[in-house]
Structure formats: C-alpha cells, structure tokens
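Here is how the chains run, residue by residue.
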Amino acid sequence: MRRAIYPGSFDPVTNGHLDIIQRGCKLYDEIIIAVLINPEKTPFFSVDERCEILRSIVKEIDRGECTLTVESFEGLLVQYAADRQVDAIVRGIRAISDYEYELQMALMNRRLQPQLETVFMMPAEAYSYVSSRLVKEIFHLGGTIEGLVPKLVEERMRARLSSDA
Ligand code: PNS
C-alpha cells in the first residue's frame, strides 16, 4: 500500500494540479490531497470551499485504482504526513523557477522527517505556466480563465463575483 500526500493551497485548484493528481494516481494506491489552513493569507475560497470543490472534481477524474481523499491540515506538513503514515510528499514542478523554493522545502522537510521522501512531478507542458495566483489575477481583471481551471471552479469564481457585486 503506497500512500502519498499532495499538499497545497489550491486557491483555486487548477488543471495543472489535476494533471499532477492524475499522474500521481499511476504511482500511488492512495493520495491525500491536503489543503493548507493558512490564517495569514486572505484566500479567494475558504478552506471548506476548496475542499468541497476538490472533492467534486476528483470524483470525475481518471484515477485508476488510486483512492483520492481530500482533507485540510494545519501546522507542520511533515507532522501531518507522519500522522497519516504517508510514504511521500508529491509536489509539482513547472519550471526551474519553482525548483529553488521546492528544493528548499523538500530538504527542510527531509531534515525534519528523514524517512519521508518528496517526489517532484512535472505537469503537461500545456500547464507549465498555469498558477492559482495568475488565474485569480486574470479573473479579477476580466480575462478568460477557460481551460486553465476545471469548469466547476470557473462557475464558482463567477458566482462569487456576482454575489459580491
Ligand atoms: O500550494 P502552495 O501554497 O505552494 O503549498 C505550500 C505548502 C502547503 C506545501 C507549504 O506551505 C507547507 O507545507 N506548509 C505547511 C507548514 C510547513 O510544514 N512549513 C514548513 C515547510 S518546509
């Protein structure tokens, strides 16, 4: 039984995240998609909304035999990973610019929990420039985010905009 954790902010989940999850499904029997509770950030979607959106979306994806669960977590990732008895942390790397930050986190996590591995995965090139931050920026400025995020995310973002208006 190989279990991994895929942690992140997922605010919002993008097609790049989904691509990584689908690739991860080929390697692991179970992936826990772990949404960080970060009181310092003002998010677009609440943690509960992000978890709910992720749960709906992962039901639809091609996951083979892999079990996908969505949870929120706070505190140290390595502690949470140990509590959940996972073998690896999965992180997506889009470009060299991601690598420095990811390497620093991976090495720090290894120092804290030496038996836990970090596995870097590359998304499809089509998603190599997609980030939650840019999706939100484009959306706020009235640009199209079609194809960058799942349809449900697009709908929820539009619904949020009209409810705020
Ligand atoms: O999607 P993100 O925002 O790039 O994800 C960052 C995340 C959640 C992986 C990282 O911030 C994290 O692990 N936070 C938990 C707190 C922690 O363990 N910090 C030490 C990291 S070395």
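Up top you'll find the structure we're talking about.
Conventions we followed
- Residues numbered from 1 in each chain as written.
- Predicted model: local features only at pLDDT ≥ 70, side-chain atom pairs only at ≥ 80, totals over all residues.
- Heavy atoms only, no water.
- Helix = DSSP H or I, 4+ residues; strand = E, 2+ residues; numbered from the N terminus.
- Rg over C-alpha atoms; globule rule 2.2 N^0.38 Å.
- Buried < 20%, exposed > 50% of the residue type's maximum accessible area, 1.4 Å probe, protein only.
- Contact = heavy atoms within 4.5 Å.
- Expected span 1.5 Å × (residues − 1).
- Arc of directions from axis to C-beta.
- Near = heavy atom within 4 Å.
- Polar contact = N/O pair within 3.5 Å; in protein donor to acceptor, adjacent residues only side chain to side chain.
- Areas by Shrake-Rupley, 256 points an atom, 1.4 Å probe, with all protein chains shown as cover.
- Nonpolar A, V, L, I, M, F, W, Y, C, P; charged D, E, K, R; others polar.
- Core = buried A, V, L, I, M, F, W, Y, C linked by side-chain atoms within 4.5 Å.
- Salt bridge = Lys/Arg side-chain N within 4 Å of Asp/Glu carboxyl O.

Q: Teacher, can you tell me more about the overall build of the chain here?
A: Each helix and strand counted, the chain has 6 helices and 5 strands in total. Taken from N to C terminus, the helices and strands of the chain fall in the order β-α-β-α-β-α-β-α-β-α-α. What you see for the chain is a C-alpha radius of gyration of 16 Å, in line with the 15 Å of a compact globule of 165 residues. Principal axes of the C-alpha set define a box for the chain whose edges measure 50 × 35 × 30 Å. Buried positions account for 44% of the 165 residues belonging to the chain. For the chain, long-range pairs separated by at least 24 residues make up 76% of all intrachain contacts whose partners lie at least 6 apart in sequence.

Q: I'm lost on helix α6 (residues 151–164) in this one. Help?
A: In an α-helix there are 3.6 residues to a turn, and that puts residues three or four apart on one side. Taking 1.5 Å per residue, 14 residues should reach 20 Å; α6 reaches 20 Å between its end C-alpha atoms and fits that length. Every buried residue of α6 is accounted for by Val153, Glu154 and Met157. Across the axial projection of α6, the buried residues extend over an arc of 105°, all falling on one side. For α6, the exposed residues set more than 90 degrees away from the buried face come down to Lys151, Ser162 and Ser163. For α6, the secondary structure elements touched by its buried residues are α2 (47–60) and α5 (132–140).

Q: It is not clear to me how the site of the ligand should be interpreted in this structure. Could you clarify?
A: Around the ligand sit Gly8, Ser9, Leu36, Phe73, Gly75, Leu76, Leu77, Arg91, Tyr101, Met105, Met108 and Asn109, and that is every residue in its neighbourhood. Take Arg91: an N or O atom from its side chain is 2.9 Å from an oxygen atom of the ligand. Within the complex, 75% of the 550 Å² of free accessible area of the ligand lies under protein. Here the shell around the ligand takes 4 residues from helix α4 (residues 96–112), the largest share from any one element. Grouping the amino acids of the shell around the ligand by side-chain chemistry returns 7 nonpolar, 4 polar and 1 charged.

Q: Would you explain the side chain of Arg50 in this entry?
A: On the secondary structure map, Arg50 appears in helix α2. The exposure class assigned to Arg50 is buried, which follows from its relative accessible area of 7%. Discounting residues that sit within four places of it in the chain, Arg50 has contacts with Ser9, Phe10, Asp11, Val35, Leu36, Pro43 and Phe45.

Q: Just to check I follow, could you spell out the nonpolar core for this structure?
A: Side chains that are nonpolar tend, in soluble globular proteins, to be buried together. Counting residues in hydrophobic clusters, the biggest one holds 35 residues, and the most contacted among them are Val13, Ile21, Ile31, Ile33, Leu68 and Met157. Secondary-structure elements contributing two or more residues to this core are β1 (3–8), α1 (15–25), β2 (30–36), α2, β3 (67–73), β4 (88–92), α5 and α6. If you tally residues by element for this core, the top one is α2, at 6 residues. Each residue touching Val13, except ones within four places of it in the same chain, is listed here: Leu18, Ile53, Leu54, Ile57, Val149, Pro150 and Val153. Among the nonpolar cores identified, the runner-up in size contains 11 residues, and Ile5, Ala34, Tyr80 and Val86 belong to it.

Q: Honestly, the pattern of salt bridges in this entry has me stumped. Any pointers?
A: What the rule picks out here adds up to 13 salt bridges. Linking Arg84 and Glu71 is a salt bridge whose minimum nitrogen-to-oxygen distance equals 2.8 Å. Linking Arg84 in the loop between α3 (77–83) and β4 with Glu71 in strand β3, this pair joins segments that are 13 residues apart in sequence. For the salt bridge of Glu102 with Arg91, the shortest nitrogen-to-oxygen distance reads 2.8 Å. Separated by 11 residues along the polypeptide, Glu102 in helix α4 and Arg91 in strand β4 bring together distant segments of the chain. This pair shows no difference in class: Glu102 is buried, exactly as Arg91 is. Overlapping salt bridges bring together Asp11, Arg50 and Lys136 as one network.

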